[in-house]
Amino acid sequence: FGPSLGPTLGGYLTEHMDWRWVFYVNLLPGMFVIYILSLIMKDDREKHHETGRLDIPGLILLSLSLSSLIIGLSKGNEWGWYDGKTVTLLYVAIVSAIIFLLVEMRSANPLIKISLFKFKFYRYSVLSLTLFGMGVYASYFLLPLYLERLRHFKTLTAGEILFWPAFSTGIFSIFAGILMDRKIISRKASVITGIFLFTVGTYFQVKLDLDMDKFQIILHLLPWGIGMGFFFPALSQISLGNFVKEN
């Protein structure tokens with residue numbers, strides 16, 4: 001339910017305090033989580049002393065690739081897509097990603113175990129989650145712009161609107177999990193249902209205009225959120241649950 005509370009809390013902090021508090025507010029929960037993990041997680045460093053070493057070359061290459069890609073894509077419009085800095089950053093991102101993959105395939109303790117992708121259920125699940133995530137975050141990027149810049153809603157009101165699709169995702173994730181655990185629906189049926197509802201919900205977002213009231217906008221966004229609730233838990237089970245069988 002964190003994603004459902006985030007937009008509303010972020011809107012309140014931005015409107016009544018300062019936008020920097022969107023980042024400050026994470027400090028206390030972060031410290032609390034670290035404390036809880038220190039209590040419940042076992043210290044098994046001795047057990048994994050030889051095999052548990054951090055893959056430093058892989059970490060450096062992955063960090064270089066992702067940071068170059070993010071900066072290049074973020075500054076592309078400002079610098080120009082054919083500007084030397086943009087082209088160099090994107091080139092560095094691609095080359096370092098290729099070297100990263102080669103290093104990981106040879107590493108005794110890789111940061112990302114490339115061999116996992118030989119399993120179809122994992123490979124296709126990761127691809128599906130990647131494409132699905134692109135659609136989700138594209139909407140989460142554009143919806144606040146629509147609500148605040150085009151509709152001139154206050155930041156808090158925009159957060160309240162975005163609360164409901166995220167809340168519906170949390171509710172229907174639990175609901176879909178119960179249905180799958182009781183064998184009422186299969187994981188495949190849950191994924192298909194989620195994709196269908198997500199697609200319908202994305203289509204409804206195209207219908208958003210400058211005259212809809214707050215309640216109408218929420219109704220247009222609900223199928224989008226419900227679809228994610230059916231999709232994500234089922235695909236997570238498919239991608240990770242089958243490793244028990246594969247050992």
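Our subject is the structure that appears above.
Residues numbered from 1 in each chain as written. Predicted model: local features only at pLDDT ≥ 70, side-chain atom pairs only at ≥ 80, totals over all residues. Heavy atoms only, no water.

Just checking my understanding: could you explain the pattern of salt bridges for this structure?
Opposite charge on two side chains makes pairing possible when the charged atoms of those side chains draw close. Scanning the entire structure with this criterion turns up three salt bridges. The shortest N-O distance in the salt bridge between Glu 78 and Lys 75 comes to 3.4 Å. Of this pair, Glu 78 and Lys 75 both sit in helix α4 (residues 56-79), three residues apart, roughly one helical turn. When its relative accessible area of 58% is taken as the criterion, Glu 78 is described as exposed. Take Lys 75: its relative accessible area is 32%, and that puts it in the partly exposed class. Taking the shortest distance from any N to any O, the salt bridge between Asp 83 and Lys 85 comes out at 3.3 Å. (Salt bridge = Lys/Arg side-chain N within 4 Å of Asp/Glu carboxyl O. Helix = DSSP H or I, 4+ residues; strand = E, 2+ residues; numbered from the N terminus. Buried < 20%, exposed > 50% of the residue type's maximum accessible area, 1.4 Å probe, protein only.)

Mind showing me how you'd approach the nonpolar core here?
Considering soluble globular proteins, one finds that nonpolar side chains tend to be buried as a cluster. Core analysis: the largest hydrophobic core is formed by 29 residues, its most contacted members being Leu 147, Ile 161, Leu 208, Ile 217 and Leu 221. Put simply, the parts of the chain that give this core at least two residues each are α6 (120-150), α7 (155-181), α8 (187-206) and α9 (214-241). Top contributing element to this core by residue count: α9, with 11 residues. Apart from the residues within four sequence positions on either side, Leu 208 is in contact with Leu 143, Tyr 146, Ile 217, His 220 and Leu 221. (Core = buried A, V, L, I, M, F, W, Y, C linked by side-chain atoms within 4.5 Å. Contact = heavy atoms within 4.5 Å.)

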